[in-house]
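Take a look at the letters that make up each chain.
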Amino acid sequence: MGEFDDLIQDFLIESSEHIEQLESDLVELEKNPKNKVALVCIFRSIHTLKGNCGFLGFPRLEKLTHAAESLLSLLRDEIIELQESMITALLQTVDLAREILNNLEKDGKEGDCDPTELIATFERLQSQKDISSGTTKIPSIDGQDPRETAANKRAFPGTDTAEIKAFPEDLLNENQTDESDAPPSLLGQSAPSLTETETESFPRLPDSLDTGKTLPRPIPFPREGGSQSLLGVGEDTDHLSSKDVLDDLEALEKDVSISAGPRRVEKDSRETNFLGTGKDLLDAIANPSQDEIPVLPKSSQMITSGVHNYSDLIASLRSAKLDASKSESLLQSDDDFANNPVPKSPSIAADTGNILEETPTPTSLSENTVRIDLALLDQMMNLIGELVLTRNQILQVAGSHKIPALTSSCQKLNMITGQLQERVMKTRMQPIDRLFSKFSRLVRNVSRLCKKIVLLELQGGDTELDRSLVEAIRDPLTHVVRNAIDHGLESPEERLKAGKPREGRLLIKAFHEGGQVHIQVRDDGGGINPHKIRKRLVERKLLSQEETAKLDDAQVVSLIFMPGFSTTDTVTTISGRGVGMDVVKANIESLGGKIQVQTVLGAWTSFTITVPLTLAILPALIISSHGRRFAIPQANVQELIKLGDGHALHIEEISGSRVFRLRNQLLPLIDLGSQLENRAIFNDDENDHASLVVLKSNDLRFGLIIDAVHDSQEIVVKALDALLKNISIYSAATILDDGEVALILDITGLAQVAGLRETLQIQSAESLETANVDITPMLVFGVGTHWRMAVPLETVLRLEEVSRDRLETLKKQWVIQHNDQLIPVVFLNEFFNLEPDSGEDIDQNVLQLIVCSWRGRHVGLIVDRVIDIAEEEFQEQRHERKKGVFGTAILNGKATDLLDVKEVIQLTNVLLLDNPEASH
Amino acid sequence: MTADLDTICTFELANLRFGMPVNMVQEVIKQQDVTDVPLSPDSISGLINLRGQIITVVDLNQILLPKEENGPREGRLFLVCAPRRTPLALVIDKVGEVLKIDSKNIERSPENLHGLVRDLIDGAYKSEDELILLFNARRAVSLVLDDISKSQRDHIFG
């Protein structure tokens, strides 16, 4: 039984691979119906599935795949033309098969999936062949392309009896038109015998189709070894007809053709066996017809080529049926074929070779790959982590002993360990293709539902990221892709009206950049209309009219990620623009990633998802609370503030809750000590040691009071035991450099436990005006007694208080040394001809220095007072030009002049000194 | 389970002598630095790093013994066992020996046994000189889980 279970396990794994392959091949085929290679791959996958099901005894799946296979063989042999409905049916087959496989995985049973309807669909689709064959065949036969006629000659897959009757007409036509090509002997013999058959075959077709309904039994043939199963076929005369034998023959050659792929031969001993026994037979069948056919349908070849032997064949088939126990008779008849000398055509043989080479063998990869349990990889990761720690210890010991031999060995050990770590990390990486292949299908379905034509372009499928991440981004990405089709792209009519091609283009592109994986979903649709969003925001009472008016278009568009923006009235079956975009954003942020949107109205919309390469390794900040160390994901950290430097003054209490005034914005505070062990880190009396981490998670922003910040490291994330799972403050644990275990704080959980959720929601809505609005923070300072000026904060490198005696002169210019660099210095009050502020409380020996960066060079500005950082929107007003001043704005409620650093530098002829950064 | 009982490893915990099937015991290690987990119940001592794997340390003394008998003790051992997929370290006082036992000598738990201990064992084995309680590690896990939900209730209502 155990062996059987293993077999089933293998079957499930292999089948799910086939199913995945099928899905992408099918979509590929639909895109390019002439893609023979895809069709052949699909056929193989279905056939293998069918064979395996029969062997393991899963009748439903077997019936289903058989029905699909029958249709496919007609397609492959070009008896019928590919139609969209067929692709749909085949895709449904894939779905159903997947469901059945899932059921099998769950409880070993096929479950209650009912394939009957789908099978009926297949029969219906097959029945169209008489019509389509009638129409498609004639031109191709009249046509000049010998390949096509050759293909038509293959038009005898023998999947049901109707074809047998249809077949002669095929032959006849061929013989009539291809006279010059066909061996004269063939023609002479075949033509007369076939005319009759032809005339009566057509009208009867529909009647004979019923064979399709009583579906052929599983074919035991390829599973149990050739000659035996031939006997088996014969024995069961009740159910079998010549058709079945033909089926088997066909199955035979298919398996042989499949076994051309190396994996088949290795992996599937059943087929190998069969190959051994059936090969002679096949060779015998195939030989006479080698001039004709590229790859597959040799049984049909055998009939088409050996036209003169047609009746012989039927006879032999009958004899196989009647003379039940004797397979020899069949073999005998094949020998007849073998004895028929048919001239070989080398050119077509070469062609065959080509096609075999071209045919991608998706399975050949498995030759150099091994399946490994993820748990094993995790264990390897653990051990390597240990190895790294041990290495560190050894290096330390070796460093203190200074034995040359040991030192060099240690260096080697160091290197090898590093490389090993890197490689093992790599084993967890997977190309994003796995996910992409699913999107072809998704796009197809969604675009049909939306009645849009979508050209999907996938780029960068080989971009690798951690396996767990591939899974984790599937849902958010799916959502974005759906949205792009449903709402991004316009309908074909609208597109034409807008002067665009009917087909909408959808690009999904993945690439590595800056140690992260970027996935871009871009449509060339109508873009997002900011005015509609504004309207919606007001309708949903998320923002007031005035507030929306203040935001620029880009800011408005980014508000589609706002919680509550979701609308119900725009929901379609697939998606509504903005529906759940907040969820998408939250999901991606929980992976330490982010999502951004860009759009040009009328032209395109692009969503860019950025996620780290792996979830297993996380850049984190190590902090401590009452001597215990914890890790905080760096993605959550916004800034660090040391409370010692008088910042504690900014902490205020509102009815028992502490808040911090951060650049005039109130930040709720959580004391980690009180949360973890009811012992606050921060108290008003002695607060010189505490620090504050400003954290952000899903739009919740708060300050966390901690004891100390240790350092920032890349940590390996390890799951917590189930016993600790329900403590929501921790997300996982890690092992620090020194081997000690540290818990990783879950910032969202922490905020929840601290009861911050509701207050923060409000906060986030408020902060929309300020935080989400992209304002330029300005550093406000005083020059002279009461003149307020400002520079953009981003140009400021640092603020410093320097004593006057640190200034030196160099070439008639004030300079100051900093880190072995000379920085030119300008006294702004001198520049503006103002008296320096001579207030009593001002120490004339201490200068306030603002170091700015201008074109990569540094310049120091001496001001009288540094006042504040203004983070608010301001309207820059230009007025009559004053030298060194750019314009005026109202900052913090007061008129403030904006300093023009560039002009100051030019007007003072400051000698700009080169510094290393200037070269960048 | 019973089929695996033929070889057991004995140990002492909460002043009782237990035995656990040998194939469930991964190893016994000396007490080492434990990173404690704030907000977890007393029965969870914390986390240790066992060759790169983070393992939760469970101290059943906290559940089985009254509070006053439960001071910190030096020289305890951690018995690493795997009742589930992920291993667990159990704080024990002493490790005993590996015994082959005869299933004939296994009896149901004595009726008068302390409630929680009863929940923890499959039965008792009568060796020549003493009784060995057959420890069921899976039940130990559920005992700790109970303790967690209890401490959470306390946290909410107390």
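Everything here concerns the structure above.
Residues numbered from 1 in each chain as written. Chains lettered and ligands numbered in written order. Predicted model: local features only at pLDDT ≥ 70, side-chain atom pairs only at ≥ 80, totals over all residues. Heavy atoms only, no water.

Enquirer: Even after reading the chapter, I still don't get the overall build of chain B, so can you show me in this structure?
Expert: Tallying secondary structure elements over chain B gives three helices and eleven strands in all. Listed N to C, the secondary structure of chain B is β-β-β-β-β-α-β-β-β-β-α-β-β-α in terms of helices and strands. When the 158 residues of chain B are sorted by exposure, 49% land in the buried category. Counted over contacts in chain B with a minimum sequence separation of 6, partners at least 24 positions apart contribute 55%. Accessible area of chain B: about 8,200 Å², with a carbon and sulfur share of 48%. (Helix = DSSP H or I, 4+ residues; strand = E, 2+ residues; numbered from the N terminus. Buried < 20%, exposed > 50% of the residue type's maximum accessible area, 1.4 Å probe, protein only. Contact = heavy atoms within 4.5 Å. Areas by Shrake-Rupley, 256 points an atom, 1.4 Å probe, with all protein chains shown as cover.)

Enquirer: Even after reading the chapter, I still don't get the sheet that holds strand β18 (residues 741–745) of chain A, so can you show me in this structure?
Expert: All names here are of chain A. Across the sheet, which stays open at both edges, the five strands sit in the order β16-β8-β9-β18-β17 with mixed pairing between neighbours. Each edge of the open sheet is held by one strand with a lone partner, namely β16 (708–716) and β17 (730–735). Sheet twist, expressed as the mean angle between neighbouring strand axes with direction ignored, is 35°. In the sheet, strand β9 (residues 628–633) pairs with β18 via two bridges, with the strands oriented parallel. What sits directly across from Phe630, in β18, is Leu743. (Pairing = 2+ DSSP bridges. Axes fitted to C-alpha atoms, helices over the stretch in contact; angles between N-to-C directions.)

Enquirer: Any chance you could explain the pattern of salt bridges here in plain terms?
Expert: Per the counting criterion, the structure on display carries 28 salt bridges over all chains. Note that Asp95(A) and Arg98(A) form a salt bridge whose closest N and O atoms lie 3.8 Å from each other. Placement of the pair is Asp95(A) and Arg98(A) together in helix α4 (residues 84–107), with a separation of three residues, close to one helical turn. Here Glu12(B) and Arg17(B) are joined by a salt bridge, their closest N and O atoms 3.9 Å apart. The network of salt bridges with common partners includes Glu23(A), Asp95(A), Arg98(A) and Arg441(A). (Salt bridge = Lys/Arg side-chain N within 4 Å of Asp/Glu carboxyl O.)

Enquirer: Can you walk me through a negative patch on the surface in this structure?
Expert: A cluster of acidic residues, Glu99(A), Asp112(A), Asp114(A) and Glu117(A), forms a negative patch at the surface. As for its position among the elements, Glu117(A) is in helix α5 (residues 116–127). (Patch = residues over 30% accessible without salt bridge, like charges linked within 9 Å, V, L, I, M, F, W, Y side chains within 5 Å. Lys, Arg positive; Asp, Glu negative; His and termini not counted. Charge placed at Lys NZ, Arg CZ, Asp CG, Glu CD.)

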